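The primary structure of each chain is shown beneath.
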Amino acid sequence: MMKKIKGIFKRILIVLLVIIFAIAVVRTVGRGIKSRTPEGGINESMYVDINGSKQWINIYGKNKDNPVLLYLHGGPGSPTSPYDHAFTRKWSDVYTVVTWDQRNVGKSFHKNESVEINRDVMMEDGKEMTEFLLSYLNKDKITLLGHSWGSIFGANLALEYPDYYEAFIGTGQCVDLVENEKRLYEAAKTWTEGDEEGQALLAKWAPGTEDSSEAIKARSATMARYGYGMLKDGTDYSIIAALLFNPNYTVIDYISFIKNLNVALEPYNKFFDDGIPGFSLTGRYDYEIPYYNIDGDKDYQTNFELACEYFEQVNAPNKKMYVMKDGTHGLLESRSEEFSEYIHDIAKIQSEGK
């Protein structure tokens, strides 16, 4: 009997080893393909000294002569580097795309990071990263694309340093955090009418709730319950394949990412309450560069209605809003093909305007 059990375990072990080996081979081949530099293009990853901190970027494009686009991830403190090559490279035929893990998150995480995260620090980070890219890639200006927190961060950079940028593109456009949360809560009160479970969720993130982590979870659960979740439609690419074939992440990188996630977010939690309100765009409508928005009409994470009201008041050399019907906050990932079409259209408009 013991021999039989040992035999079974041995066969299971062999099967597991074969599966692990097969995955390793497939991952090695896939990563190798993703790591290639396009002919005439660029594919580089590096750490850059930015405002007293080493911050990681990847630069990928199919033609070095293309304009440069700096992608600003959301959060704050929510890097997309484990998988964003799956959607950002869809723009690489018209832009040299720079993906950046902002201060102390993702591949930019440092255990000994001690600088308080505030508006001045983030604005200086953005300015210095822009200056580095202008010099390193030999460009006069670059384009900004920001999602969620990245959209309000990018808009502030565009307003403060217009000479550095060709255009600003905001998606999941955030305008004012306080007003955004107020409108979300008012909308949620309507959604939950007559729904006891929904009202119980709503009560957990009502203004004045003490447990912020519970409130954030309840807030997300409320939106998901009524069809407004960030990725209600999933993604139009394989997230597993994106993680498996990521050319910039080793297994150790993934372990570090997961292990340090909560520690990395600690300074951002305070910044969320004390810092982001200072980035408010209310009353700041005059842009010296073209202003573009790509937003979902069912986005309540960053309020679509508020983004539209702001867009109407924006003064810019050129402005255009693209609306994704039935799109929520995760449109950049859930509908990356459609999103890419809009990026290509913006690139064409910008090219024709020169």
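Right above here is the structure, for reference.
Here's a quick rundown of the structure.

The rules behind these values
- Residues numbered from 1 in each chain as written.
- Predicted model: local features only at pLDDT ≥ 70, side-chain atom pairs only at ≥ 80, totals over all residues.
- Heavy atoms only, no water.
- Helix = DSSP H or I, 4+ residues; strand = E, 2+ residues; numbered from the N terminus.
- Buried < 20%, exposed > 50% of the residue type's maximum accessible area, 1.4 Å probe, protein only.
- Contact = heavy atoms within 4.5 Å.
- Areas by Shrake-Rupley, 256 points an atom, 1.4 Å probe, with all protein chains shown as cover.
- Pairing = 2+ DSSP bridges.
- Phe/Tyr/Trp six-rings, centres within 6.5 Å; stacked < 30°, edge-to-face > 60°.
- Lys NZ or Arg CZ within 6 Å of the ring centre and 35° of its normal.
- Expected span 1.5 Å × (residues − 1).
- Polar contact = N/O pair within 3.5 Å; in protein donor to acceptor, adjacent residues only side chain to side chain.
- Salt bridge = Lys/Arg side-chain N within 4 Å of Asp/Glu carboxyl O.
- Axes fitted to C-alpha atoms, helices over the stretch in contact; angles between N-to-C directions.
- Core = buried A, V, L, I, M, F, W, Y, C linked by side-chain atoms within 4.5 Å.

### Focus: the overall build of the chain
Summing up its helical and strand segments, the chain has 13 helices and 8 strands in all. Taken across its 354 residues, the chain has 49% of its residues classed as buried. Partitioning the intrachain contacts of the chain with sequence separation of at least 6 by distance along the chain shows that 75% fall at a separation of at least 24. Of the roughly 17,200 Å² that the chain leaves accessible, carbon and sulfur atoms contribute 55%.

### Some words on the pairing of strand E4 (residues 96–100)
Residues in a regular strand point their side chains to alternate faces of the sheet. Along E4, 5 of the 5 residues are buried, which leaves the element largely enclosed by surrounding structure. The side-chain alternation of E4 yields two buried faces, one formed by Thr-96, Val-98 and Trp-100 and the other by Val-97 and Thr-99. Sheet topology note: the strand E2 (residues 53–61)/E4 ladder contains 4 bridges and is antiparallel. What sits directly across from Asn-58, in E4, is Thr-99. Pairing of strand E3 (residues 68–72) with E4, which is carried by 5 bridges, proceeds in the parallel orientation. What sits directly across from Leu-72, in E4, is Trp-100.

### Some thoughts on the packing of aromatic side chains
All told, the structure shown has 29 aromatic pairs when counted by the stated rule. Ring geometry for Phe-87 and Tyr-237: centres 6.3 Å apart, planes at 40°, overall tilted. With Phe-87 in helix H2 (residues 85–88) and Tyr-237 in the loop between helix H7 (212–225) and helix H8 (239–244), the pair connects residues that are 150 residues apart, well separated along the chain. Here the aromatic rings of Tyr-185 and Trp-205 are separated by 5.4 Å at their centres, their planes lie at 85°, and the arrangement is edge-to-face. Pair noted here: Tyr-185 is in helix H5 (residues 177–191) and Trp-205 is in the loop between helix H6 (196–204) and H7, with a separation of 20 residues, a long-range link. This pair shows no difference in class: Tyr-185 is buried, exactly as Trp-205 is. Note that Lys-107 overlies the ring of Tyr-249, its terminal NZ or CZ placed 5.1 Å from the centroid.

### What about H5?
Relative to the 21 Å expected for 15 residues at 1.5 Å per residue, H5 spans 21 Å between its end C-alpha atoms, a close match to the ideal helical length. Within the sequence span of H5, burial applies to Leu-177, Asn-180, Arg-183, Leu-184, Tyr-185, Ala-187, Ala-188 and Trp-191. One side-chain oxygen at the N-terminal end of H5 lies 3.2 Å from the backbone nitrogen of Val-178; it belongs to Asp-176.

### Things to note about helix H4 (residues 149–160)
The end-to-end C-alpha separation of H4 is 17 Å, in line with the 16 Å expected for 12 residues at 1.5 Å each. For H4, the tally of buried residues reaches 10 of 12 residues, placing the bulk of the element in the interior. The complete set of buried residues in H4 reads Trp-149, Gly-150, Ser-151, Ile-152, Phe-153, Gly-154, Ala-155, Asn-156, Leu-157 and Ala-158.

### Here's the deal with the pattern of salt bridges
Any two side chains of opposite charge can pair if their charged atoms end up close together. For the structure on display, the rule yields 17 salt bridges. Residues Arg-183 and Glu-305 are paired through a salt bridge, measuring 2.7 Å at the closest nitrogen-oxygen approach. One end of the pair, Arg-183, is in helix H5; the other, Glu-305, is in helix H11 (residues 304–313), and 122 residues separate them in sequence. When its relative accessible area of 48% is taken as the criterion, Glu-305 is described as partly exposed. Among the charged side chains, a network of salt bridges with common partners joins Glu-179, Arg-183, Glu-305 and Glu-309.

### Brief notes about the sheet that holds E3
Backbone hydrogen bonds are what pair the strands of a sheet, in a parallel or an antiparallel way. Strand order across the open sheet formed by 8 strands is E1-E2-E4-E3-E5-E6-E7-E8, with mixed pairing between neighbours. Of all strands in the sheet, those bounded by a partner on one side alone are strand E1 (42–50) and strand E8 (319–324). Here the average twist between neighbouring strands, direction ignored, is 20°. With 4 bridges joining them, strand E6 (residues 165–171) and strand E7 (residues 291–296) adopt parallel strand pairing. Pairing of Phe-168 across the sheet is with Tyr-291, part of E7. Relative to the sheet, H11 contacts E7 and E8, its axis offset from that of E8 by approximately 160°.

### Description of the pairing of E2
Of all 9 residues in E2, 8 are buried, a share of seventy percent or more. Sheet topology note: the E1/E2 ladder contains 9 bridges and is antiparallel. Within E2, the position partnered with Ser-45 by the bridge is Asn-58. Connecting E1 to the antiparallel partner E2 that follows it, the hairpin turn spans 2 residues, and Asn-51 within it adopts a positive phi of roughly 50°.

### Here's the deal with the nonpolar core
Counting 47 residues, the largest nonpolar core has Ile-57, Leu-70, Leu-133 and Phe-153 as its most contacted members. The biggest single contributor to this core is H4, with 6 residues. Apart from the residues within four sequence positions on either side, Leu-70 is in contact with Val-98, Trp-100, Met-129, Thr-130, Leu-133, Ile-142, Thr-143, Leu-144 and Leu-145.

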